[in-house]
Amino acid sequence: MDKKKMKILVVVDVVILVVLIVVLKSLQGGYEEQAKRTVNEQESSYLEKNTQVLVEQWRSVDQYSMAWKLVYSMLSGAKTEAAFKSNLAAIENDKDARFKQISHLYTGAGINDAVQNSIYEKAGLAEGTILVKNEKGSKEVACGKNCVVKFTFVKGKLKNVDYSALVQYNLANSLKIEKPAEYHFE
Amino acid sequence: MNLKNIAIALTVLVFGLIAMLFMQKGNYVNQAKEHYDATTAKSFKGNSMVLELVNNGIETNKSTWAIACQALQTVKTSQDMARLEAKFFPATKGTMSITNKTRRFEASSANVIVSTFGKVEEDKKTGVKSLADLQSVDVSVLLGNVVASAESDEGAEEGEEE
């Protein structure tokens, strides 16, 4: 190859190199931005979904704990419809006691304070009342996810408490942490 | 000669850059995937463990509550209580304090109930003492009031097991 052709080749190479470097740099920035964005979006979405399960579990445990306390109150104290009303109000309104009872269960299960607090910060306590049916002589309270306790009164006196749902309470079937989906760059 | 070498080197560089151009996307995808996999796997493992531990905790807790509530409905004597305990926890037995007329059942350190009876009865043939006339079932520990309950049970002595 003669010297002139060599010179042309060098010039063409240099031009191509410059173009390639420009393309490389611009794509690099685009890929980096896309990688960061997609990772953040997909990680946040998964973590949020997971946290939501723990939030739901915490609130369910709150309802579960209140329901047990109510059943116990009704069996150990005055067995009247009026007592049911006052016991329920006292239990629902004592938010410190509610937190203490949930926290005690979590601590007993081996969950440390830091984890409990991080869940509590997002979950708070179960909202609203656990009273889901309030008819004369027949009351029902929610005792967690898919759980209801039934109280029957006759002439204002407690006739029966059906808390079998509480005894059989099992969150394992209704709350699950899903495995993460595959990461998608696009 | 020098010009020839430079031309060859630059051409190699051009092909190298073209290869990099095609590979760089793969590198970013791999790095991003590694980060995503590590973060989500940690979250999956940690949160699954919390979920499972709490569910296991509920298993013990609900059975202890069930003993307390069913005791209020059906139990009269410490023998009745022992049968109820065995129904939910076949491997765990409660302990009696004849002096305090109490029976303490501890499913775990977080799940304790203390039943208080009204009187002590003694089998005339065997001399075995038991408790009768259930007065109350203390669920302070289940409510998270651990200290108060521990103090009330202090000094309890072992009684006769049924």
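Scope of this entry: the structure provided in the associated data block.

Each value, and the rule that gives it
- Residues numbered from 1 in each chain as written.
- Chains lettered and ligands numbered in written order.
- Predicted model: local features only at pLDDT ≥ 70, side-chain atom pairs only at ≥ 80, totals over all residues.
- Helix = DSSP H or I, 4+ residues; strand = E, 2+ residues; numbered from the N terminus.
- Buried ≥ 20, exposed ≤ 12 C-beta atoms within 10 Å, placed from the backbone.
- Contact = placed C-beta atoms within 7 Å.
- Nonpolar A, V, L, I, M, F, W, Y, C, P; charged D, E, K, R; others polar.
- Axes fitted to C-alpha atoms, helices over the stretch in contact; angles between N-to-C directions.
- Parallel < 35°, antiparallel > 145°, perpendicular 65-115°, else oblique.
- Left-handed = near helix turned anticlockwise from the far one by under 90°.
- Core = buried A, V, L, I, M, F, W, Y, C linked by C-beta atoms within 7 Å.
- Pairing = 2+ DSSP bridges.

### Concerning unusual backbone geometry
Alright, step 1. The backbone of asparagine 146 of chain A shows a phi angle near 55°, a positive value even though the residue is not glycine.
Alright, step 2. Relative to the elements of secondary structure, asparagine 146 of chain A occurs in the loop between strand E2 (138–142) and strand E3 (148–154).
Alright, step 3. One non-glycine residue, aspartate 133 of chain B, lies in the positive phi region at around 65°.
Alright, step 4. Structurally, aspartate 133 of chain B can be placed in strand E4 (residues 129–138).
Alright, step 5. When the 13 C-beta atoms within 10 Å are taken as the criterion, aspartate 133 of chain B is described as partly exposed.

### Side note on the interface of chain A and chain B
Alright, step 1. Listed per partner, the contact involves 60 residues of chain A and 52 residues of chain B.
Alright, step 2. Broken down by secondary-structure element, the contributors of at least two residues to the side of chain A that touches chain B are helix H1 (3–76), helix H3 (95–109) and helix H5 (164–167) of chain A.
Alright, step 3. For the side of chain A that touches chain B, the element with the highest residue contribution is H1 of chain A, accounting for 35 residues.
Alright, step 4. Within the side of chain A that touches chain B, the residues separate by chemical class into 40 nonpolar, 12 polar and eight charged.

### Quick notes on the packing of H1 of chain A against H3 of chain A
All names here are of chain A.
Alright, step 1. Here H1 crosses H3 at 110°, and the two axes come no closer than 9 Å. The angle between the axes of H1 and H3 places the two elements in the roughly perpendicular class. For the crossing formed where H1 meets H3, the hand is right-handed. Note on element contacts: H3 touches H1 through Arg98, Gln101, Ile102 and Leu105, opposite Trp58, Val61, Asp62, Ser65 and Met66.
Alright, step 2. Its residues assigned to classes, the contact of H1 with H3 shows five nonpolar, two polar and two charged.

### Section: the nonpolar core
Alright, step 1. With 57 residues, the main nonpolar core has Ala67, Val71, Cys143 and Leu166 of chain A together with Ala68 and Ile113 of chain B as its most contacted residues.
Alright, step 2. It is H1 of chain A that provides the largest number of residues to this core, a total of 11 residues.
Alright, step 3. Setting aside anything within four residues of it in sequence, one finds isoleucine 113 of chain B in contact with Thr64, Ile67, Ala68, Phe105, Val137, Asp138, Val139 and Leu142 of chain B.

### Examining the packing of H1 of chain A against helix H1 (residues 2–74) of chain B
Alright, step 1. Viewed as axis vectors pointing N to C, H1 of chain A and H1 of chain B meet at an angle of 0°, and their least axial separation amounts to 8 Å. One finds that H1 of chain A runs roughly parallel with respect to H1 of chain B.
Alright, step 2. Grouping the amino acids of the contact of H1 of chain A with H1 of chain B by side-chain chemistry returns 43 nonpolar, 15 polar and seven charged.

### Observations regarding the sheet that holds strand E4 (residues 157–162) of chain A
Pairing between the strands of a sheet is mediated by backbone hydrogen bonds and can be parallel or antiparallel.
Residue and element names in this part refer to chain A.
Alright, step 1. On the basis of which strands lie adjacent, the open sheet formed by four strands has the order E1-E2-E3-E4 and antiparallel pairing. Two strands in the sheet have a free side with no partner beyond their single neighbour: strand E1 (131–135) and E4. Mean inter-strand twist for the sheet, computed between neighbouring axes without regard to direction, equals 15°.
Alright, step 2. Sheet analysis places E1 next to E2, joined by four bridges and oriented antiparallel. Following the sheet pairing, asparagine 134 is matched in E2 by lysine 139.

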